Structures are given as C-alpha cells and as structure tokens.
Amino acid sequence: MSADLSEAKIPPRLADIRARMETVLLENGRALDAAQLLAISKTKPIEAITPLLDAGHRQFGENRVQEAQDKWPDLRAHYDAIELHLVGPLQTNKLKEAVAQFDVIQTLDREKLARKLAGLKDESGFPRLFIQVNTGDEPQKSGVSPAGLAAFYDLCTQELGLRIAGLMCLPPQDEPAAAHFVLLGKLAAQVGLAELSMGMSGDFETALALGATHIRVGTALFGARD
Ligand SMILES: *Cc1c(COP(=O)(O)O)cnc(C)c1O
C-alpha cells in the first residue's frame with residue numbers, strides 16, 4: 001500500500017522514461033544504474049520542475065547560465081543534493097557564474113574556454129567537465145572536431161591540469177544518430193574516458209544501447225517547449 005502511494009506521486013512522463021531506460025539497459029546487459037537521466041528543464045518554469053524534485057529526481061540540465069541563475073538557487077534552497085548540468089554554450093564572460101552554479105559543465109568545446117577554466121580549477125565545488133564533440137563536423141555547431149579530440153584532451157589534462165569526466169555530443173538533426181553515438185564511444189575509448197552524454201527525447205534508447213551514461217531528456221519529460 002505505501003509503495004503504491006509513493007508510486008502515485010511520480011509524474012507519468014518520468015515513470016515512462018524510467019521504465020523505457022530500464023528495458024533498454026536490461027536488454028543490453030547493462031546495470032540499471034549504468035546510466036543517469038538528466039531532465040533538461042530549459043525554458044520550463046519552476047512549477048514544472050518541482051513535481052520531479054518531489055518525486056525524488058535530482059539531476060537536471062539547463063542550457064543558459066542566466067536562466068539557471070534565475071531558477072536554481074531558489075530550488076536548491078528547498079531541495080538537497082541537486083545536480084545541475086550545463087548543456088548549452090558557455091561564454092567566457094559567464095564563466096565565474098557557471099562554475100558557481102553548475103555541478104557539471106558538459107560543453108567544454110574550445111581552447112580559450114579550457115584555459116580560462118583552468119584558472120578556476122582549484123575553487124571549491126569546481127564542476128566536473130565533459131568535452132563536447134562536434135561529431136558531424138557541422139560548421140554552425142560548437143564542439144571539438146573528432147580529428148582534434150585527442151590533442152584537445154591532452155591540452156586539457158596534461159598542459160592545463162583539468163580533469164575530464166567524459167564526452168558529450170549533439171548529432172546532426174538530419175542524420176540517424178546511431179553512427180554519431182558509436183563515434184563518441186570510440187573517441188572516449190581512445191582517450192580512456194568512461195562517461196558518455198548522448199541521447200535526447202527522440203533517440204535516448206538508441207544512445208543507451210550504444211553505451212550512454214547520461215541521457216538528456218527535455219520534451220519527453222516536460223512536454224513541448226514554446
Ligand atoms: C534541449 C536539449 C536537450 C533536450 O532535448 P529534447 O529533444 O527536448 O529531449 C538535450 N541536450 C541539449 C544540449 C539540449 O540543448
């Protein structure tokens with residue numbers, strides 16, 4: 001009976017995504033805790049976020065530093081152990097704010113940013129870092145090119161002393177994502193990284209089958225964005 005009551009508090013979309021994650025992880029022989037669901041709450045108001053927090057969900061992502069600063073200090077004051085990921089582009093003039101607000105920055109995508117981050121790396125609560133890879137080498141998209149990843153990783157880790165947790169990608173919209181997920185996995189293996197942030201509302205099951213450790217789901221959890 002009590003289990004039913006707590007189940008009833010879980011928003012249906014969250015329950016659905018969790019169930020689908022579980023199915024794919026099991027089908028692929030992966031542990032149920034091998035991947036984490038990041039609820040991408042960009043553009044969504046606090047009232048849309050609190051039902052997930054009330055259901056015990058703690059991992060979220062935002063794509064703008066300013067929006068995160070507007071929403072999350074308040075939420076952090078009411079809920080403990082929140083883990084907030086930055087999944088959008090980071091301008092160097094917002095760096096201090098980003099380092100203070102985010103637990104994870106997934107969009108380390110260029111040398112200038114790496115150098116500036118390195119200057120802050122000894123601050124307490126310095127975020128974990130993912131390198132964003134532009135797997136489709138799209139000119140309009142941020143991210144390190146696959147061909148330059150190994151050198152960029154060496155720059156970050158050896159020259160600048162940054163610790164890198166994993167890789168992130170945002171595949172081209174007009175191509176099947178699977179090839180990009182496979183590529184991200186290969187690149188991570190080449191540099192010895194274990195964490196892969198890949199897969200969104202439309203393709204997270206594919207990403208989980210191909211080794212994603214973090215999926216970033218917005219629309220499927222919160223409904224369409226305006
Ligand atoms: C918005 C966004 C997502 C979530 O996309 P949905 O298709 O709504 O699930 C994931 N990753 C990044 C980087 C985003 O900007």
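Below you will find a few notes about this structure. (Residues numbered from 1 in each chain as written. Predicted model: local features only at pLDDT ≥ 70, side-chain atom pairs only at ≥ 80, totals over all residues. Heavy atoms only, no water.)

## Quick look at the site of the ligand
For the ligand, the full set of nearby residues is I40, K42, V87, M168, L170, M200, S201, R216, V217, G218, T219 and R225. R216 has a polar side-chain atom sitting 2.9 Å from a nitrogen atom of the ligand. Within the backbone of G218, a nitrogen or oxygen atom sits 2.8 Å from an oxygen atom of the ligand. Protein chains bury 89% of the 390 Å² of accessible surface belonging to the ligand in isolation. (Near = heavy atom within 4 Å. Polar contact = N/O pair within 3.5 Å; in protein donor to acceptor, adjacent residues only side chain to side chain. Areas by Shrake-Rupley, 256 points an atom, 1.4 Å probe, with all protein chains shown as cover.)

## Side note on the packing of helix α3 (residues 46-54) against helix α4 (residues 65-78)
One way to put it is that α3 packs onto α4 with a least axis distance of 11 Å and a crossing angle of 35 degrees. In the crossing of α3 with α4, the sense of the turn from one axis to the other is right-handed. From α3, I46, I49, T50 and L53 reach across to α4, where they touch K71, W72, D74 and L75. Of the residues in the contact of α3 with α4, the class split is five nonpolar, one polar and two charged. (Axes fitted to C-alpha atoms, helices over the stretch in contact; angles between N-to-C directions. Helix = DSSP H or I, 4+ residues; strand = E, 2+ residues; numbered from the N terminus. Left-handed = near helix turned anticlockwise from the far one by under 90°. Contact = heavy atoms within 4.5 Å. Nonpolar A, V, L, I, M, F, W, Y, C, P; charged D, E, K, R; others polar.)

## Considering the environment of K9
Here K9 is to be found in the loop between α1 (2-8) and α2 (12-27). C-alpha separation for the pair K9 and K112, spaced 103 residues apart in sequence, amounts to 45 Å.

## A short note on the pattern of salt bridges
Enumeration over the complete set of coordinates arrives at 11 salt bridges. Between R58 and D80 there is a salt bridge; the shortest N-O distance is 3.9 Å. Of this pair, R58 sits in the loop between α3 and β2 (59-62) while D80 sits in the loop between α4 and β3 (83-86); the two residues are 22 residues apart in sequence, bridging distant segments of the chain. Taking relative accessible area as the criterion, R58 reaches 22% and is therefore assigned partly exposed. One connected set of salt bridges, linked through shared partners, spans D16, R20 and E205. (Salt bridge = Lys/Arg side-chain N within 4 Å of Asp/Glu carboxyl O. Buried < 20%, exposed > 50% of the residue type's maximum accessible area, 1.4 Å probe, protein only.)

Honestly, it's all geometry; don't read function into it.
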